[in-house]
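So you can see what is in the structure, the chains are spelled out below.
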Amino acid sequence: MKQYFAYLQARQASKIAAYQMQKFRERERIASNVSLGNSQQLDNADYVAVATDTLNKNMQERLALEELSEVVGLSSQDMINILNK
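So, a few notes on the structure that sits alongside this text.

Thresholds, definitions, all that
- Residues numbered from 1 in each chain as written.
- Predicted model: local features only at pLDDT ≥ 70, side-chain atom pairs only at ≥ 80, totals over all residues.
- Heavy atoms only, no water.
- Core = buried A, V, L, I, M, F, W, Y, C linked by side-chain atoms within 4.5 Å.
- Buried < 20%, exposed > 50% of the residue type's maximum accessible area, 1.4 Å probe, protein only.
- Helix = DSSP H or I, 4+ residues; strand = E, 2+ residues; numbered from the N terminus.
- Axes fitted to C-alpha atoms, helices over the stretch in contact; angles between N-to-C directions.
- Parallel < 35°, antiparallel > 145°, perpendicular 65-115°, else oblique.
- Contact = heavy atoms within 4.5 Å.
- Nonpolar A, V, L, I, M, F, W, Y, C, P; charged D, E, K, R; others polar.
- Expected span 1.5 Å × (residues − 1).

### Quick notes on the nonpolar core
And then number 1: Membership of the largest hydrophobic core is limited to seven residues, which are Tyr7, Ala10, Ala64, Leu65, Leu68, Met79 and Leu83.
And then number 2: Of all the secondary-structure elements, those providing two or more residues to this core are α1 (2-32), α2 (45-72) and α3 (76-83).
And then number 3: In terms of residue count, the dominant contributor to this core is α2 (three residues).
And then number 4: Met21, Phe24, Tyr47 and Val50 belong to the second largest nonpolar core, which has five residues in total.

Written out as structure tokens, the structure reads:
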């Protein structure tokens, strides 16, 4: 149960980080009329912080999934299939 709750918590944090990244991109696009993927975004400390947080949360979710899979004795893909049902 501990690993399952850790996974749920990590998954929720990952979703929140993705939402924050989406909102940041929308706000920046409106503010500067610059298309996504512009190299100037890498000069923006706020963008880098949001992107880094998103990547960290995704990594934490993946690690939590791996731990849960190990405890249950299934592959990560099998675990994803079960959780998505």
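### Considerations on the packing of α2 against α3
And then number 1: Their axes nearest at 9 Å, the elements α2 and α3 cross at an angle of 95 degrees. The orientation of α2 with respect to α3, classified from their angle, is roughly perpendicular. Facing α2, whose interface residues are Arg62, Leu65, Glu66, Leu68, Ser69 and Val72, α3 presents Ser76, Met79, Ile80 and Leu83.
And then number 2: Looking at the contact of α2 with α3 residue by residue, the classes come out as six nonpolar, two polar and two charged.

### Some words on α2
And then number 1: Across its 28 residues, α2 extends 40 Å between first and last C-alpha, which sits within 8% of the 40 Å expected from 1.5 Å per residue.
And then number 2: Every buried residue of α2 is accounted for by Tyr47, Val50, Ala51, Thr54, Glu61, Ala64, Leu65, Leu68 and Ser69.
And then number 3: Just downstream of α2, Gly73 is the residue with a positive phi angle, here 90 degrees.

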